[in-house]
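Per-entry structural report
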Amino acid sequence: MKKANIAVLSDGAWGCAVAVLLSNNGSEVRLWGPFPENIREIRKKGENTKFLPGIKIPSRIKLFEDIGKAVEDVEVVVLASPSQYLRGTLEKFKPFFKKEQLLLNLAKGIETCSLKKMSELCEEILGKKIRYCVLSGPSHAEEVAVHCPTAVVVASKKFKEAEIIQSISMNNFFRVYTSEDLTGVELGGSLKNIFAIAAGIIDGMKLGDNTKAALITRGTAEIARFGVQLGGKPETFSGLSGVGDLIVTCYSGHSRNRYVGEELGKGRKLSYILKKLGLIVAEGVTTTNSAYQLAKKAKVETPIINEMYKILYEEKNPRKALSD
């Protein structure tokens, strides 16, 4: 295991969990958040009560309200903002970015306005020659934070860069595999959130295990078909970022996307559910819109994504959508 100077951009649950993980592994870690008041509260209480309650944030993790100071002279920058907020974070980061810095993206999604993957968004704002990795796989922040055995995958176009991330993040409970299929790993981690909402709808309607198993099986096929059409490798979608991430998010009580679906299945309106979540983000809602538009553009068959789009954006009755 190697050590590095690292800045984690965003103080949400996953950002904090990864910051603690990397710090415990011996790296020097800085944490920046978009809301200064939350950074000040973490500094005061030693805990992120808003997004990751009950987990101690070690005092050796340096907290920053100024993004420029947070990323100054660090070797690795972890992008932990939710996908729909990543553009804003990158714009703030851009004036201080150095091309030798290695980026590790944790966001799972496709930007709605541009239909770009997060790697493409980073290239648009920071330049084509960035050093970029993405981490994906079945890994809820709440479980990583309490050292539940976890396996993830890090992908990069350059294998050595994935190996750097592997070396600073892996330990005896957090196992990191590597991949050169950047497109496949990004899409697997992004698209599964849509199917997690669908799984929640099934739970909310109390339709049982048979129905959810059918959804996950056909969902795996749909993600793979979509991902291969966009340049991913078929085997990637049978791995941690495909079926692995899909299983955990469709069944877990930690899954915000599954929660959104469960509430929809109980008959509640999406606007009410999102208002109740507040600052907690369910990335599958916006990813459904992006994936629906991208699938039409790529001319790939996505029947489940199509019905989820109609439920979320056209208020289609979930039972009718399931039947169709």
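Check the entry above for the structure.
1. Comments concerning the pattern of salt bridges
Pairing between side chains of opposite charge can happen when the charged atoms of each approach one another. For the structure on display, the rule yields 23 salt bridges. Residue Arg258 is joined to Asp203 by a salt bridge in which the shortest nitrogen-to-oxygen separation is 2.8 Å. Of this pair, Arg258 sits in helix α11 (residues 256–265) while Asp203 sits in helix α8 (residues 182–204), and the two are 55 residues apart along the sequence. The exposure class of Arg258 is buried, given its relative accessible area of 10%. In this structure, Lys266 engages Glu262 in a salt bridge whose closest nitrogen and oxygen atoms are separated by 3.9 Å. When its relative accessible area of 47% is taken as the criterion, Lys266 is described as partly exposed. The exposure class of Glu262 is buried, given its relative accessible area of 19%. Residues joined by salt bridges that share partners form a network here, namely Asp203, Lys212, Arg258, Glu262, Glu263, Lys266 and Arg268.

2. Quick notes on the environment of Leu191
One can find Leu191 in helix α8. Beyond its immediate chain neighbours, meaning those up to four positions away, Leu191 contacts Ile110, Ile223, Phe226 and Ala291.

3. Details of unusual backbone geometry
One non-glycine residue, Ser10, lies in positive phi territory at about 115°. Note on placement: Ser10 falls in the loop between β1 (5–9) and α1 (13–24). We classify Ser10 as buried; its relative accessible area is 6%. A positive phi angle, close to 55°, is found at Lys206, a residue other than glycine. Judged by its relative accessible area of 74%, Lys206 is exposed.

4. Some points on the packing of aromatic side chains
Each aromatic ring pair is described using two quantities: the centre-to-centre distance and the angle formed by the ring planes. For the structure on display, the rule yields four aromatic pairs. On the basis of an interplanar angle of 65° and a centroid distance of 6.5 Å, the ring pair of Phe173 and Phe174 is categorised as edge-to-face. Phe173 gets classed as buried once you look at its relative accessible area, which sits at 12%. Looking at Phe174, the relative accessible area reads 1%, which means it is buried. Between Tyr309 and Tyr313, the ring centres sit 5.2 Å apart and the planes meet at 25°, which makes this aromatic pair stacked. Highlighted residues: Tyr309 and Tyr313, both in helix α14 (residues 303–314), separated by four residues, approximately one helical turn.

5. What to know about the pairing of strand β4 (residues 52–56)
Regular strands place their side chains on alternate faces of the sheet. Bridging between strand β3 (residues 47–48) and β4 involves two bridges; their strand directions are antiparallel. When the sheet's bridge partners are listed, Glu47 is paired in β4 with Lys56.

About the thresholds
- Residues numbered from 1 in each chain as written.
- Predicted model: local features only at pLDDT ≥ 70, side-chain atom pairs only at ≥ 80, totals over all residues.
- Heavy atoms only, no water.
- Salt bridge = Lys/Arg side-chain N within 4 Å of Asp/Glu carboxyl O.
- Helix = DSSP H or I, 4+ residues; strand = E, 2+ residues; numbered from the N terminus.
- Buried < 20%, exposed > 50% of the residue type's maximum accessible area, 1.4 Å probe, protein only.
- Contact = heavy atoms within 4.5 Å.
- Phe/Tyr/Trp six-rings, centres within 6.5 Å; stacked < 30°, edge-to-face > 60°.
- Pairing = 2+ DSSP bridges.

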